[in-house]
Protein chains: 2
Amino acid sequence: MPVKLVDRTPDAYGYPLLIKQLLHTPLATAPDQEITYMGGRRHSYRTLRERIGRLASALAGLGVDAGDTVAMMDWDSHRYLECFFAVPMMGAILQTVNVRLTPEQILYTLNHAQADVVLVNAEFFSIIAAIAPRLTTVRRFVLIEDAPADTPPPVDFAGEYEALLAAASPDYEFPDFDENAKATTFYTTGTTGLPKGVYFSHRQLVLHTLAVAAGLGGAARQGRLHRGDVYMPITPMFHVHAWGLPYVATMLGLKQVYPGRYVPETLLKLVRDEGVTFSHCVPTILHMLLVHPLSKVIDLSRWKLIIGGSAMSQAQARAAQERGIDAFTGYGMSETCPILTVAFLPDAALDGAPADQAAQRTLTGLPLPLVDIRVLGQDGAELPRDGHSVGEVVVRSPWLTQGYLHDAEASATLWQGGVLHTGDIGHISPDGWLKVTDRIKDVIKTGGEWTSSLQIEDVVAQHPAVADVAVIGVPDAKWGERPLAKVTLKPEHAGKVTPHEIRNFAAKLIESTGVSRYGVLLQVEFVEALARTSVGKLNKRAMREAQGRE
Amino acid sequence: MPVKLVDRTPDAYGYPLLIKQLLHTPLATAPDQEITYMGGRRHSYRTLRERIGRLASALAGLGVDAGDTVAMMDWDSHRYLECFFAVPMMGAILQTVNVRLTPEQILYTLNHAQADVVLVNAEFFSIIAAIAPRLTTVRRFVLIEDAPADTPPPVDFAGEYEALLAAASPDYEFPDFDENAKATTFYTTGTTGLPKGVYFSHRQLVLHTLAVAAGLGGAARQGRLHRGDVYMPITPMFHVHAWGLPYVATMLGLKQVYPGRYVPETLLKLVRDEGVTFSHCVPTILHMLLVHPLSKVIDLSRWKLIIGGSAMSQAQARAAQERGIDAFTGYGMSETCPILTVAFLPDAALDGAPADQAAQRTLTGLPLPLVDIRVLGQDGAELPRDGHSVGEVVVRSPWLTQGYLHDAEASATLWQGGVLHTGDIGHISPDGWLKVTDRIKDVIKTGGEWTSSLQIEDVVAQHPAVADVAVIGVPDAKWGERPLAKVTLKPEHAGKVTPHEIRNFAAKLIESTGVSRYGVLLQVEFVEALARTSVGKLNKRAMREAQGRE
């Protein structure tokens, strides 16, 4: 295309989209706004900026250079926020380490990402002790200590975080550089194979921040994020930038609350004492919060909560609603920075019956600005947006990982045909609502058709005795596969209901709603607990393996 | 900087920031949303997309190619919105022509921008008749006709807009290209010298759109734009993209109302009948709307109105407030796409006395995300943000013109030192509020000090007999310059008040508020009307010339 590019005057500032640029507005307009760690330590954005400078100076003193990788192992903290900014602002790469992985997996990710420096909370001494001798690239360790550690340090630390900052200059000059510079990297926690590294540039993170702020800010009545909100993450900062919200909250100059390790009681107290109004978490955490006694006596009616990671059930949406919480679905994954869609309820749902609201709250949502999301049939052609044609969800947006680290083959599969393949199946309604019905690999192939395990789970979950449920396909001579529901019961119902009763309840609902033709072949089995991955998602691969499949 | 750039998998989509990408979300989520022209013609976003395709096909049929310039001469219309998208989406450049300039100036801008095709509303036949023989680059004209023209066409038209669209295919394939491609160009309407061309890239317009949506969306209580709003521009689409709001409104999928030529009665009726909730205009238009009898009987309490172009007086802010309108200041200029800052009122002002609110509503505002705005002293050093140190306002943001078209010297001056010089003077408060106190060239130099003409205007405007006021500096043997207020009176006060009375009123206020040390040297003169530029701004250059200065 012979387009004409704009002429740039030699002195004109081209304004690369760098993470440091997110700080201009909050530092100008909210310099005294508060950031607190667990309700104890608290400081202003002015101090945040100063500490970002000190951290960069300290890391530079340890030999960290542009292009180097700095790995972080901490719970959600003000320190993590400082790393979110200081490390990429130096031109270095922040590796956010999933501390819930096994030591062997953590070893793999640090070596694979070629981490140069690792910041370690003393709580993870045992992990470091187990892997330190086998780390191939790490040159220095920095100690993070909330309280004096009760075990001796497993490695020779170059210094302690607060002491290093205190000794360093706040006046680090953060340079300009290419906006396509790598800013962050971390590893997906899929259920198959080795962890896979994804990575994001400064440009991608700035654009994600702007689009999330524009998308959430534009909400007419529900699910809105604004400059009067108080933000607290409840999806770990090591997991897809805590959904990118710490960057958004900082750009908007919000009060921010970092809760450390997630303890339901602590989280609820922080909501109460710090006036938290905006968070995000996975359904498992929401469940833990809702069953905690404290949640019954705290006013949660100002709390907005994006639910993602896996699907929220309608029963859970209703339970949250009854507690006054505005819980609604967000959709994305490690590969997508992550947010792609958010369930902003239309007036009809907000004004309608609570049950209708719950249904809409569990839908996958509407695309953020710039997100081009489509559903493809098995032939790769786009399916109509008719609310029922189910196919693979593919996406384009300005903030998708451009590949997997050092894995050309998986990268090519991810981006086959120039669109990112989410690995999810779902459908899109005429008014743009995406409904993810399942992971492609979790779909149950029965009688030559695809049956969504999630849809059946939603039906089973409606039985009052069911605490949690996972549906998988198990081999069947006649049907190919048939659905099996693994169910945990609420304690008060244990021994008072049979698998058969629940099966009949579900089969009746399935027949009456027509949700799935072959759903009636369902079998039900009671279990003590459901297998989960390190980030709390159902591990259906492990369940299938236990059933002799895979 | 040896940063590491992200590795892009060959098939990965890099996602250039192109104007076409703004359409993904509204077409998916609001395909049936309405766009109306003057409350008569109305169609959906689906139709908008189809017409964008048709317009591109039609223009291609007329020989328009990537890199060509397509000039538009129309009032605010659905057609203009179509041009905002179709022309740049083809890789061509949209020139938005200021139809209020003189024919000679319009001739100059079309030749200077090397326009290839001109779309002309029949209302502007006389302009075209006057300049057509001297257009050096225009190859084709397209006719726009709301009603059959009553004069013969002054040139040979290649076709009429609606007929061309009807005959063209909606299935134009909009290609990808470099996001730094020029998308729009237009000419500043300064008071000195020839008009100067500014230009904006796809990337700049997309980033402006996102940041405006994020900034307005993030407003906690007042000045918020959201997906439930109904948008109508009252700053012309030829003038800095109607402040960029048509792009924002489209991205958010809002109902949009295009009012044609600005007629106060029509505008007010559209607000009433179409439920308009979000607009923007200059103070002169706000004045015309507030004095119109219809404004007294229409419910304007849902109307949010950004006021810019020149400063809103506190008296006007109060008058708007009394009518229930949420009027607040936005700041920017042709060179800045335009929006840089918006006056989002803090809780203290919103909960406080109406008078305090009015003061804050007339402040220049808080910076949008990514906007880095500073005030420099005469030595070029940054001044403290203390709320009173006055200096030149300079800015960096990702959406500033990178120069003036074919004018290297003016471009270098604009960008001297790597910051864009706004030509305004002002100060910034510790909490980020910018207050522009004057144009550098309108500052009155009295007794060796700078006195702001705008501050004195604000004082004079508080006299109940004053309809409008402009303060300029006039030569004075003793003081260098002294301020002269040119005043128009409200009709009911004419003949009942003397210049001397108003001078004394103002001098007393100036003394008691300490707003300006030399303001008390003020002289007052009554005039029939104030000289204005083509876009309705006070033309102080003309006034000074009439006083024998310049």
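Refer to the structure printed above.
First, a word on scope: everything that follows refers to the structure included in this document. (Residues numbered from 1 in each chain as written. Chains lettered and ligands numbered in written order. Predicted model: local features only at pLDDT ≥ 70, side-chain atom pairs only at ≥ 80, totals over all residues. Heavy atoms only, no water.)

This part is about the relation of the copies chain B and chain A. Relating one copy of the chain to the other requires a rotation about an axis plus a shift along that axis. For the pair chain B and chain A, the relating rotation is 180 degrees, the translation along its axis is 0.0 Å, and the fit reaches an RMSD of 0.1 Å. A rotation of that kind, with that shift, is consistent with a two-fold axis. Mapped onto chain A, 100% of the interface residues of chain B again fall at the interface, so both copies present the same surface. (Least-squares fit on C-alpha atoms with pLDDT ≥ 70 in both. Contact = heavy atoms within 4.5 Å.)

Residues and elements named next belong to chain A. Enumeration according to the criterion identifies 64 salt bridges over all chains in this entry. A salt bridge links E50 to R54; the shortest N-O distance between them is 3.4 Å. You can see E50 and its partner R54 sitting in helix α2 (residues 45–61), four residues apart, about one turn around the helix. Residue E50 is classed as partly exposed on the basis of its relative accessible area of 36%. Measuring nitrogen to oxygen at the nearest pair gives 3.4 Å for the salt bridge that ties E545 to R541. One end of the pair, E545, and the other, R541, are both in helix α17 (residues 540–546), four residues apart, so they sit about a helical turn from each other. Residue classification places E545 among the partly exposed residues on the basis of a relative accessible area of 39%. Classification of R541 by relative accessible area gives partly exposed; the value is 27%. (Salt bridge = Lys/Arg side-chain N within 4 Å of Asp/Glu carboxyl O. Helix = DSSP H or I, 4+ residues; strand = E, 2+ residues; numbered from the N terminus. Buried < 20%, exposed > 50% of the residue type's maximum accessible area, 1.4 Å probe, protein only.)

Here we take up the environment of B:H463. Residues and elements named next belong to chain B. Looking at the element boundaries, H463 is found in the loop between α15 (453–460) and β22 (466–476). Relative accessible area serves as the criterion here: at 12%, H463 is assigned to the buried category. Taking C-alpha positions, H463 is 32 Å from L340, a pair spaced 123 residues apart along the chain. Not counting chain neighbours up to four residues away, the residues in contact with H463 comprise V497, I502 and F505.

Quick reminder: α-helices carry 3.6 residues per turn. Residues three or four places apart thus point the same way. In this model, helix α7 (residues 202–217) of chain A (16 residues) spans 22 Å end to end at C-alpha, consistent with the 22 Å of a helix rising 1.5 Å per residue. Of all 16 residues in α7(A), 16 are buried, a share of seventy percent or more. (Expected span 1.5 Å × (residues − 1).)

Take the interface of chain B and chain A next. Contacts between the two partners involve 81 residues from chain B and, on the opposite side, 81 residues from chain A. In total, about 6300 Å² of surface goes out of reach between chain B and chain A, with carbon and sulfur atoms giving 61% of it. Joining chain B to chain A, the criterion identifies two salt bridges. At the junction of chain B with chain A, the criterion picks out 36 residue pairs in polar contact (both at pLDDT 80 or more). With nine residues, helix α7 (residues 202–217) of chain B is the largest single contributor of residues to the side of chain B that touches chain A. Counted by class, the side of chain B that touches chain A contains 43 nonpolar, 23 polar and 15 charged residues. (Buried area = accessible area lost by both parts, 1.4 Å probe. Polar contact = N/O pair within 3.5 Å; in protein donor to acceptor, adjacent residues only side chain to side chain. Nonpolar A, V, L, I, M, F, W, Y, C, P; charged D, E, K, R; others polar.)

Now for the packing of aromatic side chains. In the structure shown here, the tally under the stated rule is 18 aromatic pairs over all chains. A centroid spacing of 6.3 Å and a plane angle of 80 degrees characterise the contact between B:F141 and B:F157, whose relative ring orientation is edge-to-face. Here B:F141 is found in strand β6 (residues 140–144), whereas its partner B:F157 is found in the loop between β6 and α6 (161–167), with 16 residues between them in sequence. Cluster of aromatic residues (ring-pair linked, three or more members): A:Y80, A:F84, A:F85 and A:Y247. Above the face of the B:F344 ring, A:R227 is positioned so that its terminal group lies 4.4 Å from the ring centre. (Phe/Tyr/Trp six-rings, centres within 6.5 Å; stacked < 30°, edge-to-face > 60°. Lys NZ or Arg CZ within 6 Å of the ring centre and 35° of its normal.)

Turning our eyes to something else, we now look at the sheet that holds strand β16 (residues 372–376) of chain A. Hydrogen bonding along the main chain pairs the strands of a sheet, whether they run parallel or antiparallel. Residue and element names in this part refer to chain A. Pairing is antiparallel across the open sheet formed by four strands, whose spatial order is β16-β17-β18-β19. The open sheet terminates on both sides in strands that have one partner only, identified here as β16 and β19 (434–439). Neighbour-to-neighbour, the strand axes of the sheet open up by a mean angle of 50 degrees, direction not taken into account. Two elements, strand β17 (residues 391–396) and strand β18 (residues 420–428), share four bridges in a ladder whose sense is antiparallel. The partner of V395 across the bridge, within β18, is L420. (Pairing = 2+ DSSP bridges. Axes fitted to C-alpha atoms, helices over the stretch in contact; angles between N-to-C directions.)

This part is about the sheet that holds strand β4 (residues 93–96) of chain A. Residue and element names in this part refer to chain A. Ordered in space as β6-β5-β3-β4-β7-β8, the six strands form an open sheet in which the pairing is mixed. Every other strand in the sheet has two partners, leaving β6 (140–144) and β8 (197–201) as the edge strands with one partner each. Strand-to-strand twist in this sheet, taken as the mean axis angle between neighbours without regard to direction, amounts to 20 degrees. Bridge count for strand β3 (residues 69–73) against strand β5 (residues 117–121) is four bridges, and the pairing is parallel. For V70, the partnering residue across the bridge sits in β5 and is V117.

Residues and elements named next belong to chain B. Take F526: it is sitting in strand β24 (residues 523–526). Residue F526 is classed as partly exposed on the basis of its relative accessible area of 27%. Along the sequence, F526 and T488 sit 38 residues apart, while their C-alpha atoms lie 5.9 Å from each other. Those residues in contact with F526 that sit more than four places away from it in its chain are V487, L489, V497, T498, P499 and I502.

What follows covers the pairing of strand β8 (residues 197–201) of chain B. Consecutive side chains of a regular strand alternate in pointing toward one face of the sheet and then the other. Residue and element names in this part refer to chain B. β8 sits mainly inside the fold: five of its five residues count as buried. Of the two faces of β8, both are covered, the one formed by G197, Y199 and S201 as well as the one formed by V198 and F200. Two elements, strand β7 (residues 182–187) and β8, share five bridges in a ladder whose sense is antiparallel. Bridging from a neighbouring strand, T185 pairs with Y199 of β8.

Right, let's talk about the packing of helix α2 (residues 45–61) of chain B against helix α3 (residues 78–89) of chain B for a bit. Residue and element names in this part refer to chain B. Where α2 contacts α3, the two axes come as close as 9 Å, and the packing angle between them is 60 degrees. What the angle tells us is that α2 and α3 run oblique. Between α2 and α3 the crossing geometry is right-handed. Only H78, L81, E82, C83, F85, A86, V87 and M89 of α3 make contact with α2, whose side of the interface consists of L48, R51, I52, L55, A56 and L59. In terms of residue class, the contact of α2 with α3 is built from eleven nonpolar, one polar and two charged. (Parallel < 35°, antiparallel > 145°, perpendicular 65-115°, else oblique. Left-handed = near helix turned anticlockwise from the far one by under 90°.)

Okay, the pairing of strand β12 (residues 304–307) of chain B next. Residue and element names in this part refer to chain B. Where burial is concerned, the two faces of β12 agree: the one with K304 and I306 and the one with L305 and I307 are both buried. At this point the chain moves from strand β11 (residues 278–281), through helix α10 (residues 283–291), to the parallel β12, and the crossover so formed is right-handed. Considered for its hand, the β-α-β crossover made up of β12, helix α11 (residues 314–322) and strand β13 (residues 326–332) is right-handed. (Right-handed = clockwise from strand over helix to strand, strands pointing away.)

All names here are of chain A. With respect to the element layout, T96 can be found in strand β4. We classify T96 as buried; its relative accessible area is 3%. In contact with T96, other than residues within four places in its own chain, are M72, Y80, F84, T185, F186, M237 and F238.

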